[in-house]
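Examination of the molecular architecture
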Amino acid sequence: MSVIEGLKWRYATKKMNGEAVAQDKVDQIISAAQLAPTSSGLQPFKVIVVTNPELKEKIKAVAFGQSQITDCSHLLIFAAWDNYTEERIKAVFARTNAERGVPDSATADYMNNLIGMYTAKTEEENFHHAAKQAYIAFGVALTEAALLKVDATPMEGFNPADLDELLGLRAKGLRSTTLLPLGYRDAAGDWLVNLKKVRTPLEDFVIEFK
């Protein structure tokens, strides 16, 4: 299946049937998120995987009662760094250099420029930048799920502060950005499943300067 075919197949599933997604498919979706591009390769986010039924019930309560939270097989939570810090940036470069067999001196100037740029910004500015990077991976994971014929529902409809408190994310230097329940559609109970996919026509979507 091509990416275009997968994206035509997928939709924001409103009702899931509780069927389990095979672990190898979940692993592929997470790997796709891990391989997504990010600014300067910093990967300033984590993917949290929730399968515990009791915890999913608690998350549902801070996600306005959306049934996909509890009816899904695996709930992925994308959580961005709350801030870019010198320590975090240095840790990324140290790992990358070690794996590539590159001396730290080879990337020192670039790394120090990044540190200077990010530490000059506010924590909130840096969080929003990190959240944008998490969204890139979120979109890649959503696309991989479609290619695997795994239903997924992109969600911003939850209270991030409450979720952060529930999972203790702030103590880990993280803030939740998006939710991605993975599962399979309940075709008989989902009002959206048979509706035509509608997007802005290409002639209105694309602006060209020739």
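The structure this text deals with has already been given above.
Thresholds, definitions, all that
Residues numbered from 1 in each chain as written. Predicted model: local features only at pLDDT ≥ 70, side-chain atom pairs only at ≥ 80, totals over all residues. Heavy atoms only, no water. Helix = DSSP H or I, 4+ residues; strand = E, 2+ residues; numbered from the N terminus. Buried < 20%, exposed > 50% of the residue type's maximum accessible area, 1.4 Å probe, protein only. Axes fitted to C-alpha atoms, helices over the stretch in contact; angles between N-to-C directions. Parallel < 35°, antiparallel > 145°, perpendicular 65-115°, else oblique. Left-handed = near helix turned anticlockwise from the far one by under 90°. Contact = heavy atoms within 4.5 Å. Nonpolar A, V, L, I, M, F, W, Y, C, P; charged D, E, K, R; others polar. Phe/Tyr/Trp six-rings, centres within 6.5 Å; stacked < 30°, edge-to-face > 60°. Lys NZ or Arg CZ within 6 Å of the ring centre and 35° of its normal.

A positive phi angle, near 60°, is found at S40, a position not held by glycine. Residue placement: S40 occurs in the loop between helix 2 (23-34) and strand 1 (45-50). Take S40: its relative accessible area is 28%, and that puts it in the partly exposed class. Of note in the backbone geometry, Q43 takes a positive phi value of approximately 45° without being a glycine.

Think of two packed helices as two axes; the pair is described by the angle between the axes and how far apart they sit. Helix 6 (residues 108-119) packs onto helix 5 (residues 86-100) with a crossing angle of 155° between their chain directions and a minimal axis gap of 10 Å. It follows from the interaxial angle that helix 5 and helix 6 lie roughly antiparallel. The interaxial crossing formed by helix 5 with helix 6 has right-handed handedness. Only Y110, M111, L114, I115, Y118 and T119 of helix 6 make contact with helix 5, whose side of the interface consists of E86, I89, K90 and F93. Residues belonging to the contact of helix 5 with helix 6 are distributed by class as follows: seven nonpolar, one polar and two charged.

On to the packing of aromatic side chains, then. What the rule picks out here adds up to five aromatic pairs. Aromatic side chains F93 and Y110 sit 6.0 Å apart centroid to centroid with 70° between the ring planes, which places their arrangement in the edge-to-face category. Remark: Y110 occurs in helix 6 and F93 occurs in helix 5; sequence separation between them is 17 residues. Assessed through its relative accessible area of 44%, Y110 is described here as partly exposed. Among the aromatic residues, ring-to-ring pairing joins F78, Y135 and F138 into one connected group. The positively charged end of R175 is found above the aromatic ring belonging to F127, 3.7 Å away from the centroid. Just above the ring of W9 sits the side chain of R185; from NZ or CZ to the centre is 4.4 Å.

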